[in-house]
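If you want the building blocks of each chain, they are given just below.
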Amino acid sequence: MPTADFAEGLTHRTGRWNRGTGRGARDPDHGWLGQRTHVRVDDPLVVQTPIGARVWAGTAARGRFRRYALGVGCLPCRAVGLWCSVIALTGVAGSQEHLAGAGFDVTVWSIAEGLPQGSVNGIVQTDGGELWLATFGGLSSFDGVRFRNLDLDSSPRLPSQRLTALALDRAGDLWIATQTDGLIRLRAGRVIDALPVPRQTEVLSLAIDDRGRPWIQASAGGIYCREGDAWTDAMRAASPGRYSGLCPGPEGTMWAASERGLVRFDSAGTLVQHLETSSAVFCLAQDAAGRLWAGVGKGLGLVANGELKSFTIDPPPISTVSALLPVDENHLWVGTAAGLCQLAREPGQSVFRVESRVDQLPSDFGVRWLLRDRESNVWAGSQDKGLARLRPHWVRGFSIDRGARPASALTAAAEGGTWMARDCTLLERFDDRGANLERLDLPLEAGKPLCAFALLLDSRKRLWIGSQGCVLRREGTRLERLGLDLALGRVTDLAEDAVGGIWIATADGTLRQFGPEDTLQATFLIEGGIDSLSPAPDGSLWVGGAGRLVRLQGGQLSSFGSDHGIPQANVRDILHDEDGGLWLATYGGGLARFQGGTAATITRAQGLPNASLTRVLSDAQGRLWIMSNAGLIVVPRVELLAVLAGRRTGVDAVLLGPEAGVSEANHGAPAGFKAPDGALVFGTVHGGLRIDPAEFPFNRVRPVPRIETVAWDESPRPPDAARRVPPQIRRLRFDYTTFALSVPAQVRFRHRLLGFDARWIDIGQVRSAEYSTLPPGEYTFEVEARNEHGLWSAEPARLAFTVLPAWWQVLWVQGLLFAVLLGGLLLLHNRRVAAVRRRGELLLSAVEGRRSAESREWQLREQLLHIGRVTTAGELASSLAHEVNQPLAAIVANASAARRKLSQPAPDPEELREILGDIAAQGERASEVIRRLREFIRKHETVREELSIAQLLRATLPLLRRELEQHGVQVELQLPEDLPCVSADRIQLQQVLVNLIHNACESLSGVRGDRRLHIQGRTSPGMVALQVRDNGPGLSPEVAGRLFQPYVTTKPGGMGLGLAICRTIVENHGGRLSAAPAPEGGAVFTIELPTRPNP
Amino acid sequence: MTHVGNVFLVDDDEALRRATTRQLAACGHTVIAYASAEEFLKHFDPAKPGCVLLDLRMPGTSGLELQRMLRERGSCIPIVFLTGHADVPTTVFAMKEGAMDVLEKPVSESQLLAALQRALERDALLRREQGDRAELERRFASLTPREREVFRALSLGARNKQAAQEMGITERTVKLHRAHVLSKMGAATLADLGRIAERLGPR
């Protein structure tokens, strides 16, 4: 165990580390110490962790605390040299410790990450991709993000959590061997079988033969096969020593590893073959072709044609091979007690050479189990250090350094390979595999090396180097500084045009054309500076600047800016599309497409993972590879075009980040080019990347989503138990996952609830969905998964379920409730109707009573009116008597005269006829008066008729004639011709007139001089008014106020009813009767009545 | 038919006026009809004997007013009232004012004629009395002032001596004046003179 002899002041951190892809330099003696960390650490503080597997280094750099972990290789690896891993951490991310080595990303999970226990005794992957782990702490299912554990407490419950082995049978059932409590058979997460094992037996290995029978290897050295309901002891022949593993062979046979070689049992459990070996065999494995491999001591064995062929490992491991993972005949993985190596051999050779060692594993990882999953990740289970995943690097990096040694410029090298401006100050040439071939130090200027900002290999194979204020050129091995005394600014880009002219762009905006004969041909000034140059096939030159794109053609500049849709960001790269358009990589403004004079932008809103782009290259597969601050974005060109055309809302881009071996971009410097062989070379902050787009190992394994649990009331249930969801569940949570194990953190999900959601809900990396208070009904929950490389699952995981209605939501209950409600309503209605009816009857009787009362009142009123008239008639009696007596007297007189004439000797007949005529006339006259009087005082029913007031007045005055004469009252009538008719009872209205005139007469009786009664008719809208005005003494104030009250009178012997009756009559006719003092003295009574149109 | 005379008929009712005129004329009366009180007064001659048959109620000047106006003129012509409705107060008032009769219409012929007869008789009587008194007045007017004093004193029953004392003259002179008075007044005795004085009223 190494010691940290300069450890000081740094504490071990149990948190999680960001992944890194760094590699240290080799040092034979103290390689693990990290003396060459390629980090400019001025004062490194290193401390050894208590585990001893990791050494932590920290420094304060750039004002920010950076930490570095130094992966320490296991001891045997030190013999072949050790790459010391230095992991740069720029923060604390929420993922497990992520280590990177040569060619592999390594991730280790321990109990800190949720692994139930550190001994991984078995790993299997089901067809759906689910990874099962057997530990001494129970069974665990792992999706790359979280461990779902089955143990003594879980459901289903295991009889023991000390698990020693796992196996899958052909039906896909999972067999689990507990140490002492038998076998368990799991199907779809449920225990379907539990087999006891022979007494006094500890199960160490488990295998299922091709007939589906379990075989166990017991601690006591026995091997048993389950035949029917009993265990068959397979060790009937002599034991070749302790067994240590099983591997099924064909036709129900079984291979077992033992201390003395390989043993084969036939299907009946009889030992039929024994291949003796020099060393003990600890592990067996079958390759894809069905060949049996064995770890024989520190070597390997292959069973072929019934013979065992031995292989040696170079260099040999320090301990015996404890786990085997054959990839093919010539490649395999080997685990030992100290680590993991990848072996390869030349075909036909008997020596396996160590291809690579996985030195990022904790020391003493003690590989116990190896598995290659369907995405080609290698999983290693340790004896006590947990679980590790090895993922091949997808991106080949070269000159990858830790720390800020960015590749500021890249170009192809004339000699082959790649020139890379490193750290600005030196040029290095690498071959395509990343080997450093050549180093070129730039000359000093003012004591400092010149810095290379732009590189160009021209068509004459000359290397142009753009620096600060100058341009260097290398031709062959001669490096010259060009005599361009031009006071150049910082060169930002170099380009060669079709005729061999070199364009030099500087940050201050100067653009110069340098002719083939090393002569300056043209100079332009682009306002705002230049970021990029791109010669077009048509001979024009495109220039990118700050928020600007300039086209230079035939010496003419045409500029495009934000008015043309160019993003307000520096155009760092310009790529000519095959259709003539331009792709503009802008730093902060996303990707813009420029065509026909305008640009349209795709940025984060359209699904671009990052908007700070520095280089865009296209591949032959129609994809754009865009270097961004977040990594390398890969997006199909047609997808971009579809988004620009509005046919898609966003792109489904793949982002290759650190997990794929891509560091962040090189501080925004547009470094990268497309090599002649089609490979893409990009610069990052840590060096260069070379990618063969055609061969890039995109993950083509479609993820299979799976709904794990459905939870309500805080208790998760398996999906099968969630077909019927009880009513009124407030929160229904679906936990789902997928076993895309390569980069689980980049796996995305989308889900929808048929019957509720109208469309897919892209939920990102979250592996659960929640719905609240679903109404009763049938639903289907669907979830789809997308792997890190944009591949969606073939079909969604589905769960159809029913949310049960609450009892009051059940149809028949609702029907019953409705019926009850209806019944209640009917009852209420009936009661209400009855109540209303009763009330109606009451009202009717009340109305009836009122009507009879009204009728009585009416009768009384009629009687009163009659009495009023009779009284009036009585008051008028003398005048009326006069009126009657007058003709009677005339008759009597005439008759008397006639009689006397007849007694004369010669009566004159003519005279007698005259007399008789007079008698008749006077009789009629008398009867007329009587008739009128009788009519006036007659009891009668009220009869409304159309009346002309003038006519009525003229018919009434005769009744009062004598009265008027007697009182010497002069009547003045002023009745307009067009006085409207009223609808009224003739007699009652006459009564009013008689009363008023009579009153006026009486009031005038005390007046000396003229006694005038003025009767005037007037019309107002809707009303007709009749004023009866006298010039009598008028109304005294005390009388005026209560003139119309009954029993108020000024007349001795008067009843005081006349005016009260009059008012009642007028009001019954809808009119008004009022009294007021007349202006010239006296009183004026006004009758107002509603009019009827003149007939 | 015992007594006929002039009947002055005042009635505003033309028909009744005509009928009454006709009736009374048939009875022998001389009827002079007027339609109103004013018309009557215009043609009224106190010297004409007769009676007035008057309607109590008339437009304009009523019957009672006419009665009053006639009395104010000193006419004692008897008045018979006719009324359509003879209420008691009016009747009493009319009678107090000297009406001969108040008849309610329609009136029977006999009643009417009787009332008219009484009125005419009364008129005749009054006219006779009125003629005697006029003679007495004329004789009284012929008396000297001293004779009038003696007349007053003697008509009051004073003795000659008392009269002489009151007047401050001698008894002899009184006797002389007494003789003149008796002579002038056409009285034979002092008792006759007393009756005459009574008829003449206080002077």
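So, a few notes on the structure that sits alongside this text.

Quick notes on the rules
- Residues numbered from 1 in each chain as written.
- Chains lettered and ligands numbered in written order.
- Predicted model: local features only at pLDDT ≥ 70, side-chain atom pairs only at ≥ 80, totals over all residues.
- Heavy atoms only, no water.
- Helix = DSSP H or I, 4+ residues; strand = E, 2+ residues; numbered from the N terminus.
- Buried < 20%, exposed > 50% of the residue type's maximum accessible area, 1.4 Å probe, protein only.
- Contact = heavy atoms within 4.5 Å.
- Areas by Shrake-Rupley, 256 points an atom, 1.4 Å probe, with all protein chains shown as cover.
- Phe/Tyr/Trp six-rings, centres within 6.5 Å; stacked < 30°, edge-to-face > 60°.
- Buried area = accessible area lost by both parts, 1.4 Å probe.
- Salt bridge = Lys/Arg side-chain N within 4 Å of Asp/Glu carboxyl O.
- Polar contact = N/O pair within 3.5 Å; in protein donor to acceptor, adjacent residues only side chain to side chain.
- Nonpolar A, V, L, I, M, F, W, Y, C, P; charged D, E, K, R; others polar.

A few points about the overall build of chain B
Part 1: Broken down by element type, chain B carries nine helices and five strands.
Part 2: Secondary structure of chain B in N-to-C order comes out as β-α-β-α-β-α-β-α-β-α-α-α-α-α.
Part 3: Considering chain B as a whole, with its 203 residues, one finds that 44% of them fall into the buried category.
Part 4: When contacts within chain B are restricted to residue pairs at least 6 apart in sequence, those whose partners lie at least 24 apart make up 62%.
Part 5: As displayed, chain B offers around 10,100 Å² of accessible surface, 52% of which is attributable to carbon and sulfur atoms.

Considering the overall build of chain A
Part 1: Broken down by element type, chain A carries nine helices and 79 strands.
Part 2: Residues counted as buried form 54% of the 1095 residues belonging to chain A.
Part 3: In chain A, 53% of the contacts between residues at least 6 apart in sequence involve partners at least 24 apart.
Part 4: A total accessible area of about 48,500 Å² is found for chain A, and carbon and sulfur atoms account for 50% of it.

Things to note about the packing of aromatic side chains
Given two aromatic rings, one states the distance between the centres and the angle between the planes to describe the pair.
Residue and element names in this part refer to chain A.
Part 1: Tallied over the full model, the rule gives 29 aromatic pairs over all chains.
Part 2: Ring geometry for Trp 464 against Phe 514: centres 5.9 Å apart, planes inclined by 80°, an arrangement best described as edge-to-face. Residue Trp 464 is located in strand β42 (residues 463-467), and its partner Phe 514 is located in strand β47 (residues 510-514); the two are separated by 50 residues in the primary sequence. With respect to class, Trp 464 is no different from Phe 514; both count as buried.
Part 3: Grouped by ring-pair contacts, the aromatic residues Phe 734, Tyr 736, Phe 749, Phe 756, Tyr 771, Tyr 779, Phe 781 and Phe 801 constitute a single cluster.

A look at the environment of Ala 926 of chain A
Residues and elements named next belong to chain A.
Part 1: Examined against the element boundaries, Ala 926 turns out to sit in helix α5 (residues 909-937).
Part 2: In this structure the C-alpha to C-alpha distance between Ala 926 and Ile 891, which are 35 residues apart in sequence, comes to 9.6 Å.
Part 3: Setting aside residues no more than four positions away along its own chain, Ala 926 makes contact with Val 884, Pro 887 and Leu 888.

With respect to the interface of chain B and chain A
Part 1: Tallying the contact residues gives 23 residues for chain B and 26 residues for chain A.
Part 2: For the pairing of chain B and chain A, the buried interface totals around 2,100 Å² over both sides, and the portion due to carbon and sulfur atoms is 51%.
Part 3: Here chain B is connected to chain A by six salt bridges.
Part 4: A salt bridge links Arg 22 of chain B to Glu 914 of chain A; the nearest nitrogen and oxygen atoms lie 3.1 Å apart.
Part 5: Our count for the contact surface shared by chain B and chain A stands at twelve residue pairs in polar contact (both at pLDDT 80 or more).
Part 6: Where the side of chain B that touches chain A is concerned, the elements lending two or more residues are α1 (14-26) and α5 (109-142) of chain B.
Part 7: When residues in the side of chain B that touches chain A are grouped by element, the largest group, eight residues, is from α1 of chain B.
Part 8: Grouping the amino acids of the side of chain B that touches chain A by side-chain chemistry returns ten nonpolar, four polar and nine charged.

Keep in mind these numbers describe shape, not what the thing actually does.
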